[in-house]
Amino acid sequence: PHVDMGHSALVGVEPDVFLKKLNCLPVRAIHVHDFNVQTDHVLPFLGKSNWDRIVKALVDIGYEGDLSLEIFRTTQLVLGYSVELLPALYELRAVP
């Protein structure tokens with residue numbers, strides 16, 4: 001099974017709190033994205049999510065599955081920021 005962590009924020013549950021509750025489920029993939037006022041699918045670090053807490057939650061539950069980057073914005077926006085965000089996204093992937 002897979003889950004979409006960002007949708008929890010739309011119903012008032014912080015993504016890190018939601019992720020900690022996944023510890024008892026056999027989750028193999030998590031759709032990763034950020035959210036803001038206009039949309040719930042923007043690149044991580046460009047929205048309102050607290051990525052320090054999200055990464056800590058993933059480490060705390062020992063998550064070793066896939067992280068699927070899920071964004072729905074214009075290609076221009078994605079390409080304009082993607083190069084700048086690659087180091088941060090790589091660090092997110094490389095958390096022990």
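Just so you know, these numbers come straight off a predicted model, no measurement behind them.

### Re the pattern of salt bridges
Tallying each qualifying case throughout the model produces 3 salt bridges. Its salt-bridge partner being Glu14, residue Arg53 comes within 3.6 Å of it at the nearest N-O pair. In this pair, Arg53 is assigned in helix α3 (residues 51–60) and Glu14 in the loop between α1 (7–10) and α2 (15–21), connecting sequence segments 39 residues apart. The class for Arg53 is partly exposed, based on a relative accessible area of 38%. Lys56 is the salt-bridge partner of Asp60, the closest N and O atoms lying 2.9 Å from each other. Taken together, the residues span about one helical turn, with Asp60 and Lys56 both in helix α3 at a distance of 4 residues. Residue Asp60 is classed as partly exposed on the basis of its relative accessible area of 45%. By relative accessible area, which is 48% here, Lys56 ends up partly exposed. Counted as one network, the salt bridges with shared partners bring together Glu14, Asp16 and Arg53.

### Let's talk about the nonpolar core
The nonpolar side chains of a soluble globular protein tend to be buried with one another. By size, the foremost hydrophobic cluster in this structure holds 13 residues, and its most contacted members are Leu19 and Ile30. Of all the secondary structure elements, the ones that give two or more residues to this core are β2 (29–32) and α3. Here this core gets 4 residues from one element, more than from any other, and that element is α3. Other than its neighbours up to four places away in sequence, Ile30 contacts Val3, Met5, Leu19, Leu22, Leu58, Tyr63, Asp66, Leu67 and Ser68.

### Some details on a nonpolar patch on the surface
On the surface, Leu10, Val11, Val13 and Val17 cluster together into a nonpolar patch covering about 340 Å² of accessible area. Note on placement: Leu10 falls in helix α1.

### As for the side chain of Asp4
Here Asp4 is to be found in strand β1 (residues 2–4). By relative accessible area, which is 15% here, Asp4 ends up buried. Polar contacts involving the side chain of Asp4 include one to the side chain of His33, which spans 2.5 Å. In this view, Asp4 contacts Phe18, His31, His33, His41 and Glu70; residues no more than four positions away in its chain are not counted.

Conventions adopted
Every chain begins its residue count from 1, and numbering advances along the sequence as written. Local features in this predicted model are restricted to residues whose pLDDT is 70 or higher, and side-chain atom pairs enter the listing and the counts only when it is 80 or higher, whereas totals over whole chains, interfaces and linings include all residues. With hydrogens and water stripped out, all remaining heavy atoms of the structure feed into the side-chain values. Salt bridges are defined as contacts in which a side-chain nitrogen from Lys or Arg sits within 4 Å of a carboxyl oxygen from Asp or Glu. Helix and strand assignments come from DSSP, with helices taken as H or I runs of at least 4 residues and strands as E runs of at least 2, each series counted from the N terminus. Buried residues are those whose accessible area, probed at 1.4 Å on protein chains only, stays under 20% of the maximum for their type, while exposed residues exceed 50% and partly exposed ones sit between those limits. Buried Ala, Val, Leu, Ile, Met, Phe, Trp, Tyr and Cys residues that are joined via side-chain atoms within 4.5 Å together make up what is termed a nonpolar core. The contact criterion used throughout is that any non-hydrogen atoms of two residues lie within 4.5 Å. Like-charged residues are merged into a patch within 9 Å and nonpolar side chains (Val, Leu, Ile, Met, Phe, Trp, Tyr) within 5 Å, provided each residue has over 30% relative accessible area and no salt bridge. Here the Shrake-Rupley method, with its probe set to 1.4 Å, supplies the accessible areas, and only the displayed protein chains count as covering residues. Pairs of N or O atoms are called polar contacts if they sit within 3.5 Å, as long as, within protein, a hydrogen donor faces a hydrogen acceptor (for residues adjacent in sequence, only side-chain-to-side-chain pairs).

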